Structures are given as C-alpha cells and as structure tokens.
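A structural walkthrough
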Amino acid sequence: MNAFSVRQFSFLQGADSYRDLHETAALLPGECRSWLDVGCGLGLMPRIASARGYKARGIDRSAGMIEAARELAGFHRSAPSFACSDIETALAAGERFDMVSASSIVIVTADPLKTLASLEALSLRRVPKFSSAL
C-alpha cells in the first residue's frame, strides 16, 4: 500500500457517514470483550472498539497501513494493538474473538464465501449461515 492509498483511506475515514456506521457497529449488545478487525486499514474500528472497552486488535496485510494505524492510535490516545497479518495467520494462531469485523475485504477477495467462513471461524460467536448466492 502506497502513501496515496493511506491518504485516500484517511480521507474516507474522515467522512461522518463512515465513522457513524462504525460507531454504530461498536454498540452491539452482549458480553463482547475482545474484538478483531481484519483488513483494519488505518485502524478506525479498533480505535472505536478500544474506546468502548474492548480488547481490540487490528490486522492488515499492508505494513504501511499498520504503521499509520499505530500512529493514529497514539495520536488519539487509543489502546488497540495492531499487527501486519492476514486471516490465515490469525486462524493458525488459534486465538478467537468475541467480535470479528471486516469492513471491506469481502468485496475485494477472490473467494468471498471462503473469506466469510474464515471470519466466522475466528469468532467465538456463531452467526446465521450466509447465503451461497453471494
């Protein structure tokens, strides 16, 4: 990911509608304590989840995005952790999370159903089965 992409994502995350959507997602009911955001980009969702009391982590394949996410978390005095990683590595580590989010990776992956299944496997919670009509 290049510097232009980082600036582009930063601009998008500054939009009120984008932030409002992510703020609403972090209001989900239940006893969620851990949160993983896959393809976290600049780390907006982990920062929001962390501010709501979750032990939040963001992963992204782009080292540039992770570096920027860490800088932004420091600027916002937020406490999520970030790692340059992907779904396969997270699955292999064996850790599971109360909540797993992925804002945009499903639409850019070669196999959306496999990606959704991997996201579900990272979660301690079971969700209704998704349609194969994707």
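These figures come from a predicted structure and were not determined experimentally.

Another aspect to go through is the environment of L122. Within the secondary structure, L122 is located in the segment after α7 (112-121). As a C-alpha pair, L122 and A93 span 29 residues in sequence and 10.0 Å in three-dimensional space. Apart from the residues within four sequence positions on either side, L122 is in contact with L36, V38, I87, A90, L91, E95, R96, F97 and V100.

The 4 strands are arranged β3-β2-β1-β4 in an open sheet whose pairing can be described as parallel. Each edge of the open sheet is held by one strand with a lone partner, namely β3 (81-84) and β4 (99-101). Averaged over all adjacent pairs, the angle separating strand axes in this sheet is 15°, with direction ignored. As paired strands, strand β2 (residues 55-60) and β3 are joined by 4 bridges and run parallel to one another. Residue I59 lies in a different strand from β3, and its bridge partner there is A83. Strands in contact with helix α3 (residues 44-51) are β1 (34-38), β2, β3 and β4; relative to β2, the strand with the most contacts, it is inclined by about 175°. This element, helix α4 (residues 63-75), spans β2 and β3 of the sheet and lies at about 165° to β3.

The rules we used
Numbering of residues starts from 1 in each chain and follows the order in which that chain's sequence is written. Selection of residues for local features in this predicted model requires a pLDDT of at least 70, selection of side-chain atom pairs for listing and counting requires 80 or more, and totals for whole chains, interfaces and linings are taken over all residues. Excluded from the side-chain calculations are hydrogens and water; all other atoms, namely the structure's heavy atoms, are used. Secondary structure counts use DSSP, requiring at least four H or I residues in a row for a helix and at least two E residues in a row for a strand, with both numbered from the N terminus. We call two residues in contact when some of their heavy atoms are within 4.5 Å. A pair of strands is labelled paired if DSSP reports no fewer than 2 bridges between them. Axes here mean lines fitted to C-alpha atoms, for a helix over just the part in contact, with angles spanning 0 to 180 degrees between N-to-C directions.

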